[in-house]
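Tertiary structure, described
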Protein chains: 6
Amino acid sequence: MSILRGDKRKNNDLRDVKLITGFTIHAEGSVLIEMGHTKVICTASVSESVPRFLKKTGKGWLTAEYSMLPRATEDRNRREASMGKLGGRTMEIQRLIGRSLRACLDMGKLGERSITIDCDVIQADGGTRTASITGGYVALAIAINKLVADGKLEESPLISNVAAISVGVVGGVPMLDLKYTEDASADVDMNVIMNSKMEFVEVQGTGEETTFTRKELNDLLDLAEKGIKELFEIQNEAIERA
Amino acid sequence: MSILRGDKRKNNDLRDVKLITGFTIHAEGSVLIEMGHTKVICTASVSESVPRFLKKTGKGWLTAEYSMLPRATEDRNRREASMGKLGGRTMEIQRLIGRSLRACLDMGKLGERSITIDCDVIQADGGTRTASITGGYVALAIAINKLVADGKLEESPLISNVAAISVGVVGGVPMLDLKYTEDASADVDMNVIMNSKMEFVEVQGTGEETTFTRKELNDLLDLAEKGIKELFEIQNEAIERA
Amino acid sequence: MSILRGDKRKNNDLRDVKLITGFTIHAEGSVLIEMGHTKVICTASVSESVPRFLKKTGKGWLTAEYSMLPRATEDRNRREASMGKLGGRTMEIQRLIGRSLRACLDMGKLGERSITIDCDVIQADGGTRTASITGGYVALAIAINKLVADGKLEESPLISNVAAISVGVVGGVPMLDLKYTEDASADVDMNVIMNSKMEFVEVQGTGEETTFTRKELNDLLDLAEKGIKELFEIQNEAIERA
Amino acid sequence: MSILRGDKRKNNDLRDVKLITGFTIHAEGSVLIEMGHTKVICTASVSESVPRFLKKTGKGWLTAEYSMLPRATEDRNRREASMGKLGGRTMEIQRLIGRSLRACLDMGKLGERSITIDCDVIQADGGTRTASITGGYVALAIAINKLVADGKLEESPLISNVAAISVGVVGGVPMLDLKYTEDASADVDMNVIMNSKMEFVEVQGTGEETTFTRKELNDLLDLAEKGIKELFEIQNEAIERA
Amino acid sequence: MSILRGDKRKNNDLRDVKLITGFTIHAEGSVLIEMGHTKVICTASVSESVPRFLKKTGKGWLTAEYSMLPRATEDRNRREASMGKLGGRTMEIQRLIGRSLRACLDMGKLGERSITIDCDVIQADGGTRTASITGGYVALAIAINKLVADGKLEESPLISNVAAISVGVVGGVPMLDLKYTEDASADVDMNVIMNSKMEFVEVQGTGEETTFTRKELNDLLDLAEKGIKELFEIQNEAIERA
Amino acid sequence: MSILRGDKRKNNDLRDVKLITGFTIHAEGSVLIEMGHTKVICTASVSESVPRFLKKTGKGWLTAEYSMLPRATEDRNRREASMGKLGGRTMEIQRLIGRSLRACLDMGKLGERSITIDCDVIQADGGTRTASITGGYVALAIAINKLVADGKLEESPLISNVAAISVGVVGGVPMLDLKYTEDASADVDMNVIMNSKMEFVEVQGTGEETTFTRKELNDLLDLAEKGIKELFEIQNEAIERA
């Protein structure tokens, strides 16, 4: 279980991960996350209002939006704004990012405030949705720390880190952090999102072309746990630096 | 682990399942699936053409669409046709149904043909997406059998049954086949889709309000396996009857 | 004028009419209407608010929505929700249903309340819009009776029954209650909506491929009156049973 | 039955009708129709192609589009182009105009050609849909005559004139050609479309606020016949002049 | 620099300009502007409310909308309402008309009132956007004068006339007021909008197929100044007459 | 005319300009342009097909698309993809970029090929449309050079550089290259696009709140010429480096 991949990684290696905080100047929290060639700008925007269903509950909210630049990919994709609607894949991804990051927030402590996490993929090489969650957490934490530092929050509503990684079975071998060519040839593709207690926030496994056994499921979850532990450290370093 | 639920079921009991085949007359395959109060009309429509990306490949395709009647639920929902677009939840569900049912078809054997599975929820009480998959498979199998009987297919392209069930942790107890009130108060909610080799086609587990441990994940998968085995028998009986 | 039709009916016979009340559990009023193979789920949903133009007038309102399941017909139709807009035919029909059913309500007695009638065709064989009106009235009456029984209304705002039927000239012969194959070959196609004083609520006659004389108009109206009288009896029976 | 109306008309009088042919220069047929203060620009545009369902059938087609300038009415209406969709009323009207004018064309003689009738209301005072049909026929006839004169058609495909008028019961009195204030207070409102054999192309009678008897229906049809006969003469004069 | 053009004009001649005020009856201000074959109905509609961003500022607002009848042009254009959205050209033009006419209004003196200028091209032969501005000003001035006459405004908020003209280099020669065939073959096309102090409100010059020198720019601005001076006189005459 | 601005620039100074070529890996041409805090990713994508109106003409085409990340600005803007349509400002800008860059291409030499220039603003501080044109030219030139190097084009279809800059009158003083705070308080705002023969491709001057004289127009054009000359050098250096 330690064969070498095209990019010299072992099957349980992450790609190089970089977190460039303060990548843009206007947002309360901003980071460029790079996982190999995958690059996503994540920003956290704070607004002092909440959706109608939360008015007068004392609770806050978080939503996420996800998009790709048209030429983030090998072939150019049409802009969703030109097509006049969001595609199903985009909706699915931004709902996933939103659910995952809500899991690390105590909405009562946040108070009647909304946070929007924008994840814009400027270059794609597999794993853009998991990179968006991992980077989105960093943007969120920076924005929250700023609210605390500015005295707008007495106490941080952050409960735990949240990070995500993709794992998959490629050519019969379970692998961590698939790049695009691996993902495209994977028999099983799974996205795992965890918090720092090493509990699951979300698990999504798909066999698309094939199916997978309980054994394979367990091997993949083991790999994901290893990768996510490493991501937590990289997140924490970046947040401290910011 | 065998406490009684509101409707007298044990934690590992399915609700009453009914499959009324031939529910409508026009579709090649048609079934009304009832799981307790949840009722979904599933039809399979066969078309002798394929999307452009499959032209001249000799391969077929399957897509699914999902909708709820506005008053399938306790409160009336606005029609997506009136709002002018599909919501994110609908897109997510119909993509899931499509992926799940494509896993049971040998597209080469199907030939250049498209099958559309329409799942229309006429009454909702939790588990509509899993009922759609379980019922959708039955509509699909009936349509496929008709193509074979009519001599349009020499050999059935069906590889295996596919069925789905929801499981969740409610009040700390893992439970099978959640009805709406259980689903709404669940800490963890998981949809499991399997084939008749008891392999996973898709696993989607969400903690939304909370998170879940590896142990809980395993308990839920055990429950799901039990329920899905029972669903395969009910599916096969209905298909034979049709 | 009493030749036999394909389905053994005489030219002035209705098809078999069934009204299955309480077809779904959530709506205040619910019925499945079957006219031969045409089957429509009609529900009445009550909301304790009114559109802006009626606020503080003490008056209520009623609107209707109409849709067909994609495979209600011989060939599958694309969903309007996927196309992102309602077609002209749908809009025309739901405006007709709404106008027709508003004619049987005293809006002052209803008070500041809105009723939505949803008509969802699950199987189509001609006459879906008239079946929607006839069934819609039953769902409405059940919902109104419930409001009275629950003490929310002192007095019923129902003024009169309303029912509808299609008539047409097929092969030179005026006929009542056209099924799809008759409708498709009709020279004249007329929809007649009446109240129980046998007055017209709406008359819509179309010659599309041809034209029609005053004599033909009168023959068709005679047939419609006969059919609608019968429908009133069937409606009243169903409402009492409910 | 000959009481005077606000504008000195008797109950069976048309308003002043003017048909200004050649109102715009680009269209194959063009007319401004004025019925009192109601003014509609009608143009007929000929295209040498047909919708897909008519390809290789040797038959032609006609469709109509209808619109109002935003300030054609007392209060300004929002443009449908800005709202991003056609309203139900617009769709209903343009489908009616299309059906009505198709009834006067022999599609086989027209050959594989499409005609679009555009009806743009520049000032509205009731009866805009019937004025559109009456004016639309004139634009159509001019365009057809041009095709014949240019040698593109050997024989005119026009079967008959088509004209339309509104009639209604106002304050208990049946009246011809309602202007806006009459229409707004009418108990019954009927649009009648006839051909020059004095047969009906379409009859649409609505009671909206109230209902109407067979006797009233007959009185209204008598009035409509009288008005439409007069319109045929005015149409023919204008077409000859053109 | 005084060669004759196809329509006998010299290079610095305007086409025949007509301003028919009171063209429609409902709008507060209404005019038909004709510049040669180009004909645009311009109306000004006054509303006693403002967009949210101006509430409680004491200031008013003006917006413009622009549209062409489908057969205003040589070939029929699809309606934007049918296509479900405004095209880029339409948006660009209506934003230009709005900006230009806002430049002649003192918004504080207008008070919390909105004016909508609707420009509907019924026949197009080049220069429709500049004709819309020139005619739009006249409709606006009539509406403003009416507000003053009705005592709703103490003082006119009009600061200055605004008029617009197109100029271009055709076959190497700078020309004033291009008609369609000239515009289509122009190397440079410029729209100039000025106020009555002969200052620029907006200058838009485009080389599309080619480019232009500073000298050409200056020649074109000279021509535009001459034309706009003449338009101011024609505007003032029409407004006095109204 | 050499007062200092907030950022120490003189009135005729450009901001710091950086062109980072090869910023993303997939596009044929890619550059990040920074003008002070304004940052735009420009990519050029080549496709071996043309829009229908150019098929079999031997000519190519270029279009541009423009977008801003939601948090490129001080306050977060809603995504146009979520709103379901492009705003008027976006359409206006992308049409301008397209026209400007088409002016530097010989479409016959390009052959039946399409180039799409995507301009995505990741951080905005005024002048995003002119930065998009200046950067878009660089992405285009790199992509063209690649087509030549790859032997797909015998000869470069590039005729000339194209660059753009904004100029404006702020506090009575003409200034070059406005940043956002300057732009927001400018009396006149002009965008100037030129080619390397120092001819105008497009000139757009707007007085919005006020108007401007011929003298001011000339001063602004002088400033623009100076800035654009400097941009041509910076462009050429970057293209050589690439």
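Residues numbered from 1 in each chain as written. Chains lettered and ligands numbered in written order. Predicted model: local features only at pLDDT ≥ 70, side-chain atom pairs only at ≥ 80, totals over all residues. Heavy atoms only, no water.

Moving on: the overall build of chain A. The secondary structure content of chain A amounts to 6 helices and 9 strands. Over its C-alpha atoms, taken along the principal directions, chain A stretches across nearly 55 × 40 × 35 Å. Every one of the 242 residues in chain A was classed for burial, and the buried ones make up 61%. Intrachain contacts of chain A at a sequence separation of at least 6 include 70% that bridge at least 24 residues. Of the roughly 9500 Å² that chain A leaves accessible, carbon and sulfur atoms contribute 48%. Within chain A, one finds 32 positive and 36 negative side-chain charges whose respective centroids are separated by 4 Å. (Helix = DSSP H or I, 4+ residues; strand = E, 2+ residues; numbered from the N terminus. Buried < 20%, exposed > 50% of the residue type's maximum accessible area, 1.4 Å probe, protein only. Contact = heavy atoms within 4.5 Å. Areas by Shrake-Rupley, 256 points an atom, 1.4 Å probe, with all protein chains shown as cover. Lys, Arg positive; Asp, Glu negative; His and termini not counted. Charge placed at Lys NZ, Arg CZ, Asp CG, Glu CD.)

Mapping chain D onto chain E calls for a screw motion: a turn of 180° about the axis and a shift of 0.0 Å along it, with 0.0 Å RMSD after fitting. When the rotation and shift are considered jointly, the pair of chain copies conforms to a two-fold rotation axis. Taking C-alpha positions as the reference, the residue of chain D nearest the rotation axis is Ala81(D), at 1.8 Å. An overlap of 100% is found between the interface residues of chain D and their copies at the interface of chain E, pointing to a shared contact surface. (Least-squares fit on C-alpha atoms with pLDDT ≥ 70 in both.)

Turning to the interface of chain B and chain A, a few remarks are in order. Tallying the contact residues gives 30 residues for chain B and 30 residues for chain A. Between chain B and chain A lies a buried interface of about 2800 Å² when both sides are counted; carbon and sulfur atoms form 47% of it. Among the residues chain B hides against chain A, the three largest losses belong to Glu92(B), Phe200(B) and Arg214(B). Together they make up 23% of the total. Here chain B is connected to chain A by 8 salt bridges. A salt bridge links Arg214(B) to Asp222(A), with the nearest nitrogen and oxygen atoms 3.0 Å apart. Elements that contribute at least two residues to the side of chain B that touches chain A include exactly helix H2 (88–102), strand E9 (200–206) and helix H6 (214–241) of chain B. (Buried area = accessible area lost by both parts, 1.4 Å probe. Salt bridge = Lys/Arg side-chain N within 4 Å of Asp/Glu carboxyl O.)

Between chain B and chain E there is no contact, and the shortest C-alpha to C-alpha separation is 11 Å. The two units chain C and chain F are non-contacting; their minimal C-alpha-C-alpha distance is 11 Å.

It is worth spelling out the packing of helix H6 (residues 214–241) of chain E against helix H6 (residues 214–241) of chain F at this point. In the contact formed by H6(E) and H6(F), the axes pass within 13 Å of each other and the chain directions differ by 160°. In terms of orientation, H6(E) lies roughly antiparallel with respect to H6(F). Where H6(E) crosses over H6(F), the handedness of that crossing is right-handed. Packed against H6(E), whose contacting residues are Arg214(E), Leu217(E), Asn218(E), Leu221(E), Asp222(E) and Glu225(E), the element H6(F) presents Arg214(F), Leu217(F), Asn218(F), Leu221(F), Asp222(F) and Glu225(F) at the interface. Here the contact of H6(E) with H6(F) is built from residues that sort into 4 nonpolar, 2 polar and 6 charged. (Axes fitted to C-alpha atoms, helices over the stretch in contact; angles between N-to-C directions. Parallel < 35°, antiparallel > 145°, perpendicular 65-115°, else oblique. Left-handed = near helix turned anticlockwise from the far one by under 90°. Nonpolar A, V, L, I, M, F, W, Y, C, P; charged D, E, K, R; others polar.)

Interface extent is often summarised as the accessible area lost during association of the parts. The interface is formed by 35 residues belonging to chain D together with 35 residues belonging to chain E. Each partner contributes to the roughly 2800 Å² buried at the junction of chain D and chain E, and carbon and sulfur atoms together form 50% of this total. Taken as a group, His26(D), Arg71(D) and Arg79(D) account for 26% of the area that chain D buries against chain E, more than any other trio of residues on that side. The tally of links from chain D across to chain E stands at 12 salt bridges. Where chain D touches chain E, the interface holds 24 residue pairs in polar contact (both at pLDDT 80 or more). (Polar contact = N/O pair within 3.5 Å; in protein donor to acceptor, adjacent residues only side chain to side chain.)

On to the UniProt feature "binding site: phosphate" (unreviewed entry) in chain A. Residues and elements named next belong to chain A. UniProt marks Arg89, Gly127, Thr128 and Arg129 with the feature "binding site: phosphate" (unreviewed entry), using the numbering shown here. For this annotated set, covering 41 residues, all C-alpha atoms fall within 13.5 Å of each other, a compact arrangement in space. Within the element layout of this structure, Gly127 appears in the loop between strand E5 (114–123) and helix H4 (128–149). What Gly127 contacts, discounting residues up to four positions off in sequence, is Thr38 and Leu178. (UniProt positions renumbered as here; feature names shortened; annotations may be inferred.)

This part covers the sheet that holds strand E7 (residues 173–176) of chain D. Judged by pairing direction, the sheet is antiparallel, and its 8 strands sit side by side in the order E7(C)-E6(C)-E8(C)-E9(C)-E9(D)-E8(D)-E6(D)-E7(D) without closing on themselves. Two strands lie at the open edges of the sheet, namely strand E7 (173–176) of chain C together with E7 of chain D, each paired on one side alone. Averaged over neighbouring strand pairs, the angle between their axes works out to 15° when direction is ignored. Sheet topology note: the strand E6 (residues 162–170) of chain D/E7(D) ladder contains 4 bridges and is antiparallel. (Pairing = 2+ DSSP bridges.)

Our focus in this paragraph is the pattern of salt bridges. Under the criterion given, the structure shown has 134 salt bridges over all chains. The salt bridge involving Glu28(F) is made with Arg71(A); its shortest N-O contact spans 2.6 Å. Of the two residues, Glu28(F) sits in the loop between strand E1 (17–21) and strand E2 (29–35) while Arg71(A) sits in the loop between strand E4 (61–68) and helix H1 (80–83), which places them in two different chains. Relative accessible area serves as the criterion here: at 7%, Arg71(A) is assigned to the buried category. As a salt-bridge pair, Glu230(C) and Lys226(C) come within 2.4 Å of each other at their nearest N and O atoms. Of the two residues, Glu230(C) and Lys226(C) both sit in helix H6 (residues 214–241), 4 residues apart, roughly one turn of that helix. Glu230(C) gets classed as partly exposed once you look at its relative accessible area, which sits at 30%. Look at the salt bridges and you will find they share partners, linking Arg5(A), Asp7(A), Arg9(A), Arg15(A), Asp125(A), Asp177(A) and Glu182(A) into a network.

This part covers the packing of aromatic side chains. In the structure shown here, the tally under the stated rule is 12 aromatic pairs over all chains. On the numbers, 5.4 Å between centres and 85° between planes, the contact of Phe53(D) with Trp61(D) is edge-to-face. Judged by relative accessible area, which is 23%, Trp61(D) ranks as partly exposed. Ring centres of Phe200(E) and Phe212(F) lie 5.5 Å apart, and the angle between their planes is 40°; on these two criteria the pair is classed as tilted. In this pair, Phe200(E) is assigned in strand E9 (residues 200–206) and Phe212(F) in the loop between strand E9 (200–206) and H6, connecting two distinct chains. (Phe/Tyr/Trp six-rings, centres within 6.5 Å; stacked < 30°, edge-to-face > 60°.)

Across chain A, the average pLDDT comes to 95, with 98% of residues at 70 or higher. In the predicted complex, the global pTM is 0.91; the interface-specific ipTM is 0.94. (pLDDT = per-residue confidence, 0-100.)

As a further point, take the sheet that holds strand E3 (residues 38–47) of chain C. All names here are of chain C. Taken together, 5 strands build an open sheet; the order of strands is E1-E2-E3-E5-E4 and the sheet is mixed. Across the chains shown, the open sheet's two edge strands, defined by having one partner strand only, are strand E1 (17–21) and strand E4 (61–68). Strand-to-strand twist in this sheet, taken as the mean axis angle between neighbours without regard to direction, amounts to 20°. In the sheet, strand E2 (residues 29–35) pairs with E3 via 7 bridges, with the strands oriented antiparallel. Note on E3: the bridge partner recorded for Val31 is Cys42. The strands that helix H4 (residues 128–149) touches are E1, E2, E3, E4 and strand E5 (114–123); relative to E3, the one it contacts most, it runs at about 35°.

Attention shifts here to the relation of the copies chain B and chain A. Least-squares fitting of chain B to chain A yields an RMSD of 0.0 Å, with the superposition described by an axial translation of 0.0 Å and a rotation of 180°. A symmetric contact is evident, with 100% of the interface residues of chain B recurring at the interface of chain A.

Below, the discussion takes up helix H2 (residues 88–102) of chain A. Along its 15 residues, H2(A) runs 21 Å from first to last C-alpha, staying within 8% of the 21 Å computed at 1.5 Å per residue. Among the 15 residues that make up H2(A), 13 are buried, leaving the element largely enclosed by the rest of the structure. (Expected span 1.5 Å × (residues − 1).)

The next subject is the environment of Ile41(D). Relative to the helices and strands, Ile41(D) is located in strand E3 (residues 38–47). A relative accessible area of 2% means that Ile41(D) is categorised as buried. Taking C-alpha positions, Ile41(D) is 8.0 Å from Gly135(D), a pair spaced 94 residues apart along the chain. With residues near it in sequence (within four places) discarded, Ile41(D) still touches Phe23(D), Val31(D), Leu32(D), Asp118(D), Cys119(D), Asp120(D), Ile122(D), Leu69(E) and Ile122(E).

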